[in-house]
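# Structure at a glance
What follows is each chain in one-letter form.
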Amino acid sequence: MMMANDIRPVPSAASERLLDVKGLTIEIETRNGPATIVDGIDLHVGKGETLGIVGESGCGKSLTMLSMMRLLPNKIRVTKGEANFAGRDLQKMSNSELRKVRGGDVGFIFQDPMTSLNPVMRIGQQLAEPLIYHRGMSKAEARKRAGELLKLVGIPGAEDRLDAYPHELSGGMRQRVMIAIGLACNPQLLIADEPTTALDVTIQAQIVDLVKDLRDKLGMSVVWITHDLALIAGLVDRINVLYAGTVVEDAPVDALFSNPSHPYTQGLLASIPKLSDERSARLSSIGGTPPEPGRRPKGCPFAPRCPLAEAVCHERVPSLEGIGQNGAHRVACFVAQRKLEAA
Amino acid sequence: MLRYITTRFVVWIPSVLLVMLGVYALAYYGAGDPIKLIFLRAPGDVAYNPERIEAIRESAGLNRPFLVQFCSYIWNLLHGNFGNSLSSGRSVWAMISAAAPVSFKLALCSVILTAVVAIPLGLIAALNQNTRTDYAILGSALFLWAIPAYVAGPMLMVLLIMVLPGSAVPYGWGGVFDVRILLPLLVLSFQPIALIVRQTRAAVIEVLSEDFVRTARAKGVPETMVALRHILRPVLTPVVTQLGLIMITIVNGAIFVELVFGLPGLGRLTVQALTNTDYPVILAITLIGSFLVMISNLLVDVLYPLLDPRANDTRRSR
Amino acid sequence: MSVVPMTTTPIEIEPPVSLWRDAWHRLRRNKLAVFGLIIVIVLAFTALFGPYLTPYDFLSQDLNGRNLAPSLSHLFGTDDLGRDVFSRVVYGTRTAFLVAIVVTFIAVLIGVTLGALAGFFGGFLDKAVMWLTDMTMSIPNLLLVVVINASLKSPISSWMEARYLATLNPFYRETIWVDFLLVFGSMALISWPPYARLVRAQVLSIRSRPYITAAQALGLTNRIILMRYVVPNALGPLIVAVSAGLGTAMVLESAFSFLGVGVNPPTPSWGNMISDGLRVWQHYPHLLAAPAAVLGLASVAFSFLGDGLNDALNPRGAK
Ligand SMILES: Nc1ncnc2c1ncn2[C@@H]1O[C@H](COP(=O)(O)OP(=O)(O)OP(=O)(O)O)[C@@H](O)[C@H]1O
Ligand SMILES: [Mg+2]
């Protein structure tokens, strides 16, 4: 398996934090009152760092990213916590300040390129919008730059595509357009929400390489959400494993693969097929399902599914504690923490 | 595109012919003898004179079989001859060309007023979904939708007189720029406005939950521009498709509004023609009404691909 | 060939009981809909029993008390013939409900039949029905009905008169039934298309489901499929359409009577009362205001109720 790239100096964990999310809690209004979806999540991304986020479908990855930028749908609200970007809390910013950050300092690539582009607007116009509103470009300038961006993300015949409507492009091309929109204003932070899920394997790899190139060229930070640990292993510096709206393990990418400490992470890694596996070997999967919003267990949210769960796991919620790599490898699991103490 | 328009036109013709045939049959078999009406207007002795009646019948071609008469009527129509009114003897074409401008101006103003008032209101209601503002707009729309023009018109007149005792009754026609147009225009537009408010609101709510609106916000597009460029644009498509329905509402409503407010338009002409069982006039008006609705439906079909680029492909492949 | 018993597990498509209960709860929370429902119930009660409870007969004239302003003895005043306007409005309610119910019934009958036939048999029949539907909907329908009414009324009346003179059968003297029949018939003629469309769409969507093909293969008759699958699914939308249709029919009736081609005087109808009131409203506004207000109230009530039912029965589209 490819390891973290060696050309670029890995940003140290101590480097300045560009994004710092503290205790963010997200609730959804239901018939039976509010239910917690994301429970006091902590995240941080250093300047120039690339963070991978993995976790089961529905564990709140997308909502966490959306909530930072205050893009949540109507019934879902942030009730607690802060999200600092370059030292300022996005949750407390005025709307006009926030607007400058959105699309300007922070670029977003959304999960579903089929629905995330406006079907009745030409690609060129959609690409030009951030340039016009953040860079103050004229329409002609923005159009020229939009053409360059399309070329940058590798769309053939870029200039001709500016006047196309989204439905005239293939899924892969739309995804590239989304990436181009996210990158339009050379953001300091790029948030990519499963940008490759809908694509076939070769294009997935192309897009990962593309983002990697651009990151190295522009020196931006990246948050990459995915289900596919293997795909991003060569791209990210650090990985956060999410379960039921909390970070259960935070580790440099090498450490995570060599020493997965949370039982859930171990389960995730075990479910990735390896070339060395026998053909007949069955993929392991984690039994049970994650808790529904509003029915979170009292203790560790993973305890009901955990093969190693003890009495204490059902009673108290473990917090993220450093277990190695000078505190850069942290895990929220009583069993793993105790194992370390014993060693 | 031209071929498409032609096809639509060709498809429309048999249905309108069928309707005309129906109305003509009603006139032929139902309405009683039109000769008596002509006879009453004839100069000279009005005494009952079978020979003269026969003579008139002969000269008007009314003794021929039904289908022959109908075909000759259509034949005349194709030559731009709408016949003469039975009650006044004037040319139907002259009567209609005198009345039509009044109705058309009123209808056009009503469509404009509807678009200008209803689309923003629908947008506001949707952007404030489930708040007081929303309920107020939606409730008023439901209310306006349910009030017939011949109830709203007189009630507003009563109200106007009570509030402004000195003011003149808004009765009669003075052109588009006359104050008297205000009340009829308002009443005529109530139902179309209600229709479009609800349509816009529903469409905006649907678009609001679309991912591309979120994309626009994530790009840092200002809220007003999000509303105008990303929300309103896709909403216009379903709203414009209601144009045909609006036309029907307006054509129906015009009959009452013109009657209540004494406007010399097609609606009042219709009612007069009905009272006098003046069939040449009724036939001509039916034709015009159906033509109007057909044209507005056609307009929708022509506009649609301009508003929704996706529609182009499906139409071509159809 | 032996009939194979149907062993496929029935997929749940009949709205479960709880759906109706849910709908009722949603309806009750909708204030406008509850308001509409109450008004409709009050009006229906008035239509049924009102004429027996009013202090005056709707026809009895009092030439000494003409054009009286509203007072305690005459709630809505009296008209130019000294008739009690309140009693006439109450009787007009009966006219309105009678017409609305009968017309909607006929229209639903026509619409459901045509729609079901078109949906089931498809092909030419479907095309023909759809063409008829589109045509009916694309003509300014009010105009059409007014024409039909106006032209058929006098010949039928004169035929009835001739029959009466010939046979002296009292049946032929009751010309009021001609009014009603014409109104019923012509209004139903323009009111059926929405029902036809609705039922056709339901039939088509249900026909395309695999288990119906399976059921057909098993030899279930169309009638059973219709009763077991189509009817339960179409019921919700149909209820919404009917509640809106009742209001529309009521307004249409008054529109015709207003234009003088509907229910004729002296039978009271809100429409012909408004039409009469319009001539003298500057002197006696109550003659116009009373029937107009009641008609407006009824129409608004049906519209609120229909909208509430729509939200309650189609929770997906609910606000
Ligand atoms: N608009 C919404 N309305 C109601 N619930 C929602 C909505 N969006 C998300 N949720 C709920 O919030 C939880 C987290 O959703 P989120 O989209 O963040 O998951 P995710 O981790 O991004 O999953 P995936 O990997 O499938 O994208 C889920 O349980 C989901 O059901
Ligand atoms: Mg997601």
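This structure is a prediction, so every number in the text was calculated from the model and none was measured. (Residues numbered from 1 in each chain as written. Chains lettered and ligands numbered in written order. Predicted model: local features only at pLDDT ≥ 70, side-chain atom pairs only at ≥ 80, totals over all residues. Heavy atoms only, no water.)

What follows concerns the site of ligand 1. Residue and element names in this part refer to chain A. What surrounds ligand 1 is a group of 15 residues, the closest being Ser57, Gly58, Ser62, Gln111 and His227. At 3.1 Å from an oxygen atom of ligand 1 is found a main-chain nitrogen or oxygen belonging to Gly60. Between ligand 1 and Glu194, the relevant distance is 2.8 Å, taken from an oxygen atom to a side-chain nitrogen or oxygen of the residue. Protein chains bury 65% of the 630 Å² of accessible surface belonging to ligand 1 in isolation. For the shell around ligand 1, the leading source of residues is helix H1 (residues 61-68), giving 3 residues. For the shell around ligand 1, the residue count by class is 6 nonpolar, 6 polar and 3 charged. (Near = heavy atom within 4 Å. Polar contact = N/O pair within 3.5 Å; in protein donor to acceptor, adjacent residues only side chain to side chain. Areas by Shrake-Rupley, 256 points an atom, 1.4 Å probe, with all protein chains shown as cover. Helix = DSSP H or I, 4+ residues; strand = E, 2+ residues; numbered from the N terminus. Nonpolar A, V, L, I, M, F, W, Y, C, P; charged D, E, K, R; others polar.)

Within the protein, the magnesium ion (ligand 2) binds to Ser62 of chain A (OG) and Gln111 of chain A (OE1); these donor distances fall in the range 1.9 to 2.5 Å. Placement of Ser62 of chain A in helix H1 and of Gln111 of chain A in the loop between strand S6 (106-109) and helix H3 (123-135) is noted, with a sequence separation of 49 residues between them. (Donors = N, O, S within 2.8 Å, 3.2 Å for Na, K, Ca; no water.)

Moving on, we come to the interface of chain A and chain B. Contact with chain A, which involves 26 residues of that partner, is made by 21 residues of chain B. When chain A packs against chain B, the two sides together hide about 2200 Å² of surface, and 59% of this comes from carbon and sulfur. The interface formed by chain A and chain B contains 2 salt bridges. Here chain A is connected to chain B by 11 residue pairs in polar contact (both at pLDDT 80 or more). For the side of chain A that touches chain B, the elements supplying multiple residues, two or more each, are H3 and helix H6 (171-183) of chain A. (Contact = heavy atoms within 4.5 Å. Buried area = accessible area lost by both parts, 1.4 Å probe. Salt bridge = Lys/Arg side-chain N within 4 Å of Asp/Glu carboxyl O.)

Turning to the packing of aromatic side chains, a few remarks are in order. Under the counting rule described, the total for this entry stands at 11 aromatic pairs over all chains. Seen from their ring centres, Tyr264 of chain A and Phe302 of chain A are 5.3 Å apart, and the 65 degrees between their planes marks the pair as edge-to-face. Taken as a pair, Tyr264 of chain A in helix H10 (residues 263-270) and Phe302 of chain A in the loop between H10 and helix H11 (311-315) lie far apart in primary sequence, 38 residues in all. The same class applies to Tyr264 of chain A as to Phe302 of chain A, namely buried. Here Phe45 of chain C and Phe49 of chain C contribute two aromatic rings whose centre-to-centre distance is 5.0 Å and whose plane-to-plane angle is 55 degrees, an arrangement assigned as tilted. One end of the pair, Phe45 of chain C, and the other, Phe49 of chain C, are both in helix H2 (residues 31-53), 4 residues apart, so they sit about a helical turn from each other. The exposure class of Phe45 of chain C is partly exposed, given its relative accessible area of 47%. Taken together, the aromatic side chains of Tyr243, Tyr264 and Phe302 of chain A make up a single cluster linked through ring pairs. (Phe/Tyr/Trp six-rings, centres within 6.5 Å; stacked < 30°, edge-to-face > 60°. Buried < 20%, exposed > 50% of the residue type's maximum accessible area, 1.4 Å probe, protein only.)

Turning to the pattern of salt bridges, a few remarks are in order. Residues and elements named next belong to chain A. Inspection of every chain in the model, using the stated rule, returns 23 salt bridges over all chains. Of the charged contacts, one joins Arg17 and Asp20 as a salt bridge, the two residues approaching to 3.6 Å between their closest N and O atoms. Overall, Arg17 belongs to the partly exposed group, its relative accessible area being 41%. A relative accessible area of 13% places Asp20 in the buried class. The shortest N-O distance in the salt bridge between Lys144 and Glu148 comes to 3.9 Å. With Lys144 and Glu148 both in helix H4 (residues 139-152), this residue pair falls 4 residues apart, about one helical turn. A residue is classified by how much of its surface remains accessible, and Lys144, at 59% relative accessible area, is exposed. Three or more residues are tied together by salt bridges with common partners; here these are Glu49, Arg238, Asp250 and Arg330.

This part takes up the sheet that holds S6 of chain A. The pairing of strands in a sheet comes from backbone hydrogen bonds and takes either a parallel or an antiparallel form. All names here are of chain A. With mixed pairing, the 8 strands of this open sheet are ordered in space as S6-S7-S8-S3-S9-S10-S12-S11. Edge positions in the sheet fall to S6 and strand S11 (321-324), since each of these pairs with one other strand and no more. Here the average twist between neighbouring strands, direction ignored, is 20 degrees. Inspection of the sheet shows strand S3 (residues 50-54) paired to strand S8 (residues 221-226) by 5 bridges, in the parallel sense. The residue bridging Val54 from the neighbouring strand is Thr226, located in S8. Here H6 sits on the sheet in contact with S6 and strand S7 (189-193), set at roughly 170 degrees to S6. (Pairing = 2+ DSSP bridges. Axes fitted to C-alpha atoms, helices over the stretch in contact; angles between N-to-C directions.)

Okay, the confidence of the model for chain C next. Residue and element names in this part refer to chain C. Of all residues in chain C, 73% attain a pLDDT of 70 or more, and the chain-wide mean is 75. Here helix H8 (residues 210-217) stands out as the least confident element of chain C, with mean pLDDT 68; helix H3 (residues 85-121) is the most confident, with 86. For the stretch residues 1-14, pLDDT sits under 50, and the model shows 11 contacts to residues farther than four places along the chain or on other chains. In the model output, the complex is listed with pTM 0.76 alongside ipTM 0.84. (pLDDT = per-residue confidence, 0-100.)

Another aspect to go through is the packing of H3 of chain C against helix H4 (residues 123-137) of chain C. All names here are of chain C. Interhelical geometry of H3 versus H4 gives an angle of 145 degrees and a closest axis separation of 7 Å. As H3 packs across H4, the resulting crossing turns out to be left-handed. Residue-level contacts link Leu114, Leu117, Ala118 and Phe121 of H3 to Gly123, Leu125, Asp126 and Val129 of H4. Of the residues assigned to the contact of H3 with H4, the class counts are 6 nonpolar, 1 polar and 1 charged. (Left-handed = near helix turned anticlockwise from the far one by under 90°.)

The subject of this paragraph is the side chain of Asp237 of chain A. When you line up the elements, Asp237 of chain A lands in the loop between helix H8 (229-232) and strand S9 (238-243). A distance of 2.8 Å separates a polar atom in the side chain of Asp237 of chain A from the backbone nitrogen of Thr50 of chain A.

In this section: the pairing of S7 of chain A. Residues and elements named next belong to chain A. The element S7 is largely enclosed, with a buried count of 5 among its 5 residues. What you see with S7 is no split at all: Leu189, Ile191 and Asp193 on one side and Leu190 and Ala192 on the other are buried throughout. Where S6 and S7 come together, 4 bridges link them in parallel fashion. Across the sheet, Phe108 pairs through a bridge with Ile191, a residue of S7. Relative to S8, S7 runs parallel, the two being bridged by 5 bridges. Within S8, the residue paired with Asp193 across the bridge is Ile225.

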